[in-house]
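For reference, the chains in residue letters:
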Amino acid sequence: MADIIQLLPDHVANQIAAGEVVQRPASVVKELLENAIDAGANTIKLIVKDGGKALIQIVDDGSGMSVTDARLSFERHATSKIKKAEDLFNLDTKGFRGEALASIAAIAHVDMQTKPEGAELGTHLKIEGSKIIFQEVAAVPKGTSIAVKNLFFNIPARRNFLKSNQVELRHITDEFHRVALAHPSIAFHFYNNGSELFNLPVANYRQRIVHVFGTKTNQKLVPVVEDTQVVKISGFINKPEFAKKSRGEQFFFVNHRFIKSPYLHHAVVAAFEGLIRPDSYPGYFLYLEVDPGSIDINIHPTKTEVKFDDEHTLYAILRSTIKHGLGQFNVIPALDFEQDQNLETPYAYKNRDASQPQVTVDAGFNPFQEVLQKKGATGGGFASRVSSGNSKSWDSLYVGLDSELESKNEYRSLKFESETITGSIFEGKHAPEETMATTFQLRRKYIVTTIKSGMVVIDQSRAHQRVLYEKFLKNITIKEAVSQQLLFPLVLTFSKSDMQILNEIKDSLSTIGFVFGKLEEEQIEVTGVPLLVMESEVGIVLDQLISDYQMEISEDSFSQTDILAKTLAKTLSVKTGEVLESTSQIALVNDLFACKETRVSPFNKPVYITITENDIDKKFI
Ligand code: ADP
Ligand code: MG
């Protein structure tokens, strides 16, 4: 048989290797930012167009490259960062594989200008699909500028696989956050389609976090610090009140490198045990410093995972450090707020104090409210409203704003009109009997009612989710939502990246009755809300929507309408633990069985079960 094995030409090999390194525009951003940091830059500029598909440019004022190095930097396995195998175990740079530039140049149009310190002239070099178009001498500033255009121009399949510009921009922003948070001593500028998204001056860690995530973040942070032989830990955790229903602001950095570690995450969660609801996540920004020889960052091509020599010890130290931090904060809360003058932007709620009308007309007076408030700490639904929201308890603590926690429940305020109920709604197989005499609430969780063949046990929260979900879906599709005008506009503060998401979903929100006024960098003005949403819930609803969209980022079915309806249903529904009076129980049952789909909640969970007389009879045999 003839020999058939051939060596792949370089440009093909590079293209294949590129697949590992460059999954999407955000991967390019990460690699180029890291190169700029390794080059010792003081200021780094990131410029992006069309979610990075059209342009990603990074300009740094770092070491720059000589003429030869400029050319060599695009060769595969060309690196200045390690010289021998042992160096791998003592890394103090981000890069070491020498693959990034070669990979990027294989699948894009790259334009580089670079000049080292002291040189009179620099280099201008252009590469397209690994092919050098030109390399010439040029008068350029010290440092390096790399522009990457038309990503995946020669791999249409990959290009088509990319998500919308907005989604790609969000991935880029995530990478940017990770790098910027790890390096507060470097100034960063980030421009998207000509407008400045971030301008981060040189700062300390706390300031950097606040600059990235917005002024209201400052109030949430509790410092943690620990210095042991194995690890040095510093950074911040969010107060338990601010735990979110979704993963979000959770950052581990090891030796200034962002990492993901489910194991260490668990250590943090364990420290929060008992302080937050089991289904919510604490936020944290934790900086670990370990001996570079004690970790292996070589195990993952995109380098967000590391292997620690002694994970168990690290786990224990981390957990106790967090616990200690939380403990200190509980005992002496005042000490946590070493207010930084540079961050003294007024907390959003300070402004709201005067303008928020205290409307006392309480159409839906709720006799159970007191009961609910008393058991607030444990009561499912109520506690969740407190924790997932705009942290009203803290507002009142700091601003003296006596924010009434209103538990909204449209069923409680609903007047039951028995005359309007006709047999026709109950034609379904499992529909309750017409008399409706018998509903009762079981353990503040289920509504039990009778049907011809026996009885139905309905999960109150899921049933309400179904009802609200269909209501919102209908509103969104027929675009006829009724909006209630707020007497005074509500000004809410969000981080820049949250604002990015709000911008994306603003139009959908309008279709269900939200009306927005002025939109600023970190603030949004709400002038109207859907009928089903109370003013006090607006912040909670928007927070929840933002985090649900964030979670949705990697999923294929990116249906705004559906997420919107689901989120609203989830957030506004009656929860387990809430008492429903009998008229409300009946109204809920009626509404449920008037739905198109009655059996499952919007999240595909069963809404009710039936127990027939036959089933019961069998038990008595
Ligand atoms: P690695 O970072 O793993 O070494 P890269 O392909 O990212 O591999 O870069 C190759 C080499 O090019 C680097 O080792 C470095 O010497 C040089 N280089 C890349 N970007 C820059 C930059 N912004 N400034 C100075 N040198 C750079
Ligand atoms: Mg690199």
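Computed from a prediction, not measured in an experiment: that's the story for all the values here.

Analysis parameters
Residues numbered from 1 in each chain as written. Chains lettered and ligands numbered in written order. Predicted model: local features only at pLDDT ≥ 70, side-chain atom pairs only at ≥ 80, totals over all residues. Heavy atoms only, no water. Helix = DSSP H or I, 4+ residues; strand = E, 2+ residues; numbered from the N terminus. Buried < 20%, exposed > 50% of the residue type's maximum accessible area, 1.4 Å probe, protein only. Contact = heavy atoms within 4.5 Å. Areas by Shrake-Rupley, 256 points an atom, 1.4 Å probe, with all protein chains shown as cover. Pairing = 2+ DSSP bridges. Axes fitted to C-alpha atoms, helices over the stretch in contact; angles between N-to-C directions. Parallel < 35°, antiparallel > 145°, perpendicular 65-115°, else oblique. Left-handed = near helix turned anticlockwise from the far one by under 90°. 1 Å grid on protein atoms, 1.4 Å probe; cavity = no way out; pocket = protein on both sides within 12 Å on 5 of 7 lines; lining within 4 Å. Points joined across faces, edges and corners; volume = space filled by probe spheres on them. Salt bridge = Lys/Arg side-chain N within 4 Å of Asp/Glu carboxyl O. Near = heavy atom within 4 Å. Polar contact = N/O pair within 3.5 Å; in protein donor to acceptor, adjacent residues only side chain to side chain. Nonpolar A, V, L, I, M, F, W, Y, C, P; charged D, E, K, R; others polar.

Thoughts on the overall build of the protein chain
Okay, step 1: Counting its regular elements, the protein chain contains 20 helices and 22 strands.
Okay, step 2: By residue count, 51% of the 621 residues in the protein chain fall in the buried class.
Okay, step 3: Put simply, of all contacts in the protein chain between residues at least 6 apart along the chain, 70% involve residues at least 24 apart.
Okay, step 4: For the protein chain, the computed accessible surface area is about 29,300 Å², with 53% contributed by carbon and sulfur atoms.

Here we look at the pairing of strand S5 (residues 131-138)
Okay, step 1: Bridge analysis of strand S4 (residues 122-128) against S5 gives 7 bridges, and the strand direction is antiparallel. The residue bridging Glu-128 from the neighbouring strand is Lys-131, located in S5.
Okay, step 2: Linking S4 to S5, which pair antiparallel, is a turn of 2 residues; within it Gly-129 sits at a positive phi near 55°.

What about unusual backbone geometry?
Okay, step 1: In this structure, His-77 is a non-glycine residue whose phi angle is positive, near 60°.
Okay, step 2: Here His-77 lies in the loop between helix H3 (67-72) and helix H4 (100-106).
Okay, step 3: Positive phi, normally seen in glycine, also occurs at Asn-604, with a value near 65°.
Okay, step 4: With respect to the helices and strands, the residue Asn-604 is situated in the loop between helix H19 (582-593) and strand S22 (608-612).
Okay, step 5: Overall, Asn-604 belongs to the exposed group, its relative accessible area being 62%.

Some points on the packing of helix H6 (residues 165-182) against helix H7 (residues 205-213)
Okay, step 1: Two elements in contact, H6 and H7, have axes separated by 9 Å at closest approach and are oriented at 160°. Classified by the angle their axes make, H6 and H7 are roughly antiparallel. Note on packing geometry: the crossing formed by H6 with H7 is right-handed. Between H6 and H7, the contacting residues are His-177, Ala-180, Leu-181 and Ala-182 on the first element and Tyr-205, Arg-208, Ile-209, Val-212 and Phe-213 on the second.

A word on the sheet that holds strand S20 (residues 515-519)
Two pairing modes exist for strands in a sheet, parallel and antiparallel, and in both the strands are linked by backbone hydrogen bonds.
Okay, step 1: Pairing is antiparallel in the open sheet, where 3 strands are placed in the order S19-S21-S20. Both outer strands of the open sheet, strand S19 (483-493) and S20, are each paired with one neighbouring strand and no more. Put simply, the sheet's adjacent strands are angled 20° from each other on average, direction ignored.
Okay, step 2: As defined by bridge partners, S20 adjoins strand S21 (residues 523-530) across 3 bridges and the pair is classed as antiparallel. Residue pairing across strands places Phe-516 opposite Val-526, the latter belonging to S21.
Okay, step 3: Helix H16 (residues 496-511) rests against S20 and S21 of the sheet, and its axis sits at about 145° to S20.

Re empty space enclosed by the protein
Okay, step 1: A complete count under the given rule lists 6 cavities of 30 Å³ or more for this structure.
Okay, step 2: The calculated volume of the second largest cavity comes to roughly 120 Å³.
Okay, step 3: In this structure, the second largest cavity is lined by 14 residues; those nearest its centre are Lys-30, Glu-34, Val-179, Arg-257 and Phe-258.
Okay, step 4: Only helix H2 (25-38), H6 and strand S12 (257-259) provide two or more residues apiece to the lining of the second largest cavity.
Okay, step 5: The dominant element in the lining of the second largest cavity, judged by the number of residues it contributes, is H6, at 4 residues.

Some words on the pattern of salt bridges
Okay, step 1: In this structure the tally under the stated criterion is 11 salt bridges.
Okay, step 2: Across the pair Lys-496 and Glu-521 runs a salt bridge, and its minimum N-O distance is 3.7 Å. One end of the pair, Lys-496, is in helix H16; the other, Glu-521, is in the loop between S20 and S21, with 25 residues separating them in the sequence.
Okay, step 3: On the accessibility criterion, Lys-496 (15% relative accessible area) is buried.
Okay, step 4: One salt bridge in this structure joins Arg-599 and Glu-597, with 3.2 Å as the shortest N-O distance.

Description of the site of ligand 1
Okay, step 1: By nearness alone, 19 residues border ligand 1, and Asn-35, Thr-79, Ser-80, Lys-81 and Gly-98 come closest of all.
Okay, step 2: Asp-60 is positioned such that a nitrogen or oxygen atom in its side chain is 2.9 Å from a nitrogen atom of ligand 1.
Okay, step 3: Note that an oxygen atom of ligand 1 is positioned 2.5 Å from one of the side-chain N or O atoms of Ser-80.
Okay, step 4: Starting from 530 Å² of accessible surface for ligand 1 in isolation, the protein chains cover 92%.
Okay, step 5: Its residues assigned to classes, the shell around ligand 1 shows 6 nonpolar, 9 polar and 4 charged.

Some remarks on the pairing of strand S16 (residues 439-442)
Okay, step 1: Residues Thr-439 and Gln-441 line the buried face of S16, whereas the alternating positions Phe-440 and Leu-442 sit on a face that is not buried.
Okay, step 2: Where S16 meets strand S17 (residues 446-451), 4 bridges bridge the pair, whose relative direction is antiparallel. Bridge pairing links Thr-439 to Thr-449 in S17.
Okay, step 3: Where S16 folds back onto S17 in an antiparallel hairpin, the turn is made up of 3 residues, including Arg-443, whose phi is positive at roughly 50°.

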